[in-house]
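Structural description and commentary
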Amino acid sequence: MRLALSISLLLAFAAHGAIAGEARKPEFLRSPDPAAAKLPFSEAVRSGDLLFLSGQIGTVPGGDNALAKGGIAAEAEQTLRNIRQVLERHGASMSDVVKCTVFLADIAEWPAFNEVYRKHFSAPFPARSALAASGLALGAKVEVECIAQAPPRARR
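Residues numbered from 1 in each chain as written. Predicted model: local features only at pLDDT ≥ 70, side-chain atom pairs only at ≥ 80, totals over all residues. Heavy atoms only, no water.

**Description of the nonpolar core**
Grouped together as the largest cluster of nonpolar side chains are 25 residues, with contacts concentrated most on Ile83, Leu87, Phe113, Val142 and Val144. Only strand 3 (50–53), helix 3 (72–89), strand 4 (97–104), helix 4 (110–120) and strand 6 (142–149) provide two or more residues apiece to this core. Top contributing element to this core by residue count: helix 3, with 6 residues. If we ignore the near neighbours within four places in the chain, the residues touching Leu87 are Leu53, Ala92, Ser93, Met94, Val97 and Ala148. In this structure, Ile57, Leu67, Ala133 and Ala140 belong to the second largest nonpolar core, which totals 5 residues. (Core = buried A, V, L, I, M, F, W, Y, C linked by side-chain atoms within 4.5 Å. Buried < 20%, exposed > 50% of the residue type's maximum accessible area, 1.4 Å probe, protein only. Helix = DSSP H or I, 4+ residues; strand = E, 2+ residues; numbered from the N terminus. Contact = heavy atoms within 4.5 Å.)

Spelled out as structure tokens, the structure:
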């Protein structure tokens, strides 16, 4: 009886390990946008209970990669809208964001970026880093990447 119980426990732990191992495999999440499908990165990667979003810039949806016009405030607004769309596409929201990294083409525009940022995030704010870059994709003024808490996985 004891041997059968030990074998049952061993099999249960082995099965749990296999299930947990499956859950640990990263899931590479692609954008439904045909233009984005050509890019050499995923819009997000789910690893365990976290979503890692690729950096977003202020491109206006529509396929021509045009940046929002109007300077840092307009680009920041569009960037954060793009982040919201990626999160929602994968079952998360802005309130699930735990960390942001902000890249600015000009660190002097940090206060203007913060004004827009506060419209999209409220206290308690995600952890955040901000730095200046010598150049961003498509000549953008701002790029933001985020890590968010992922929604629970559907049971299989």
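**Some points on the side chain of Thr59**
With respect to the helices, strands and loops of the structure, Thr59 is situated in the loop between strand 3 and helix 3. Once you skip the residues sitting within four places of it in the chain, Thr59 turns out to touch Asn65, Ala66, Leu67, Gln78, Asn82 and Leu138.

**As for the pairing of strand 6**
As a general feature of sheets, a regular strand has side chains that alternate between the two faces. By the bridge criterion, 3 bridges tie strand 3 to strand 6 in an arrangement that is antiparallel. Among the inter-strand pairings, Leu51 is bridged to a residue of strand 6, identified as Ala148. Bridging between strand 4 and strand 6 involves 7 bridges; their strand directions are antiparallel. Its bridge partner lying in strand 6, Val102 is registered against Val144. (Pairing = 2+ DSSP bridges.)

**Details of the packing of aromatic side chains**
Per the counting criterion, the structure on display carries 2 aromatic pairs. Measuring from ring centre to ring centre gives 4.7 Å for Tyr117 and Phe121, while their planes differ by 35°; the resulting arrangement is tilted. In terms of burial, Tyr117 and Phe121 fall into one category: buried. Connected via pairs of aromatic rings, a cluster forms that spans Phe113, Tyr117 and Phe121. Lying over the aromatic face of Tyr117, Arg128 brings its terminal NZ or CZ to 4.4 Å of the ring centre. (Phe/Tyr/Trp six-rings, centres within 6.5 Å; stacked < 30°, edge-to-face > 60°. Lys NZ or Arg CZ within 6 Å of the ring centre and 35° of its normal.)

**Considerations on the confidence of the model for the chain**
Of the residues in the chain, 81% have a pLDDT of 70 or more, and the chain-wide mean is 85. Contacts from residues 1–19, a stretch scored under 50 in pLDDT, to residues over four places away or in other chains number 1 contact. (pLDDT = per-residue confidence, 0-100.)

**A word on the state of the cysteines**
Scanning all chains against the criterion turns up 0 disulfides. Of the cysteine sulfurs around Cys100, a residue in no disulfide, the closest is that of Cys146, at 3.3 Å. Exposure remark for Cys100: the relative accessible area of 0% places this residue in the buried category. (Disulfide = S-S within 2.5 Å.)

**Side note on the sheet that holds strand 5 (residues 127–132)**
Reading across from one edge, 1-2-3-6-4-5 is the order of the 6 strands in this open sheet, with mixed pairing throughout. Each edge of the open sheet is held by one strand with a lone partner, namely strand 1 (27–29) and strand 5. Strand after strand, the sheet turns through a mean of 15° between neighbouring axes, direction not considered. Where strand 1 and strand 2 (residues 44–47) come together, 3 bridges link them in antiparallel fashion. The residue of strand 2 that forms the bridge with Leu29 is Ala44. (Axes fitted to C-alpha atoms, helices over the stretch in contact; angles between N-to-C directions.)

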